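# A look at the structure
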Amino acid sequence: MRKGLEERRKELIYKLMIHTVNKTVEQLMKLTLKELETEYKKVQNECHPHSDAGSIQWIHTKRH
């Protein structure tokens, strides 16, 4: 389970580095998983304010 948590942390750090220019990798590495998730939620809300509201639903369709 520990390996899964570390993978999640790395994934969030990677995503935050793409969208955030005001924090360094070193600063992000010091954050807990919960703090990283909170930061990522903030970025999601800034990029698309309705992303957490459930107003967007992705539908996978088959192409014929």
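A cluster of nonpolar side chains, Met17, Val25 and Met29, forms an exposed patch at the surface whose accessible area comes to about 230 Å². In this fold, methionine 29 is placed in helix 2 (residues 25–29). Residue methionine 29 is classed as partly exposed on the basis of its relative accessible area of 44%.

Attention shifts here to the pattern of salt bridges. Summed over the entire model, instances satisfying the criterion amount to six salt bridges. Among the ionic pairs, arginine 9 bridges to glutamate 6, the shortest N-O distance being 3.5 Å. Of the two residues, arginine 9 and glutamate 6 are both situated in helix 1 (residues 2–19); the distance of three residues between them amounts to about one turn of the helix. In this structure, glutamate 11 and lysine 15 form a salt bridge, with 3.0 Å as the shortest nitrogen-oxygen distance. With glutamate 11 and lysine 15 both in helix 1, this residue pair falls four residues apart, about one helical turn. We classify glutamate 11 as partly exposed; its relative accessible area is 35%. Its relative accessible area of 27% is what places lysine 15 among the partly exposed residues. Salt bridges linked by common partners bring Arg8, Glu11, Lys15 and Glu37 together as one network.

Criteria and cut-off values
- Residues numbered from 1 in each chain as written.
- Predicted model: local features only at pLDDT ≥ 70, side-chain atom pairs only at ≥ 80, totals over all residues.
- Heavy atoms only, no water.
- Patch = residues over 30% accessible without salt bridge, like charges linked within 9 Å, V, L, I, M, F, W, Y side chains within 5 Å.
- Areas by Shrake-Rupley, 256 points an atom, 1.4 Å probe, with all protein chains shown as cover.
- Salt bridge = Lys/Arg side-chain N within 4 Å of Asp/Glu carboxyl O.
- Helix = DSSP H or I, 4+ residues; strand = E, 2+ residues; numbered from the N terminus.
- Buried < 20%, exposed > 50% of the residue type's maximum accessible area, 1.4 Å probe, protein only.

Bear in mind that shape data such as this cannot, by itself, settle questions of function.
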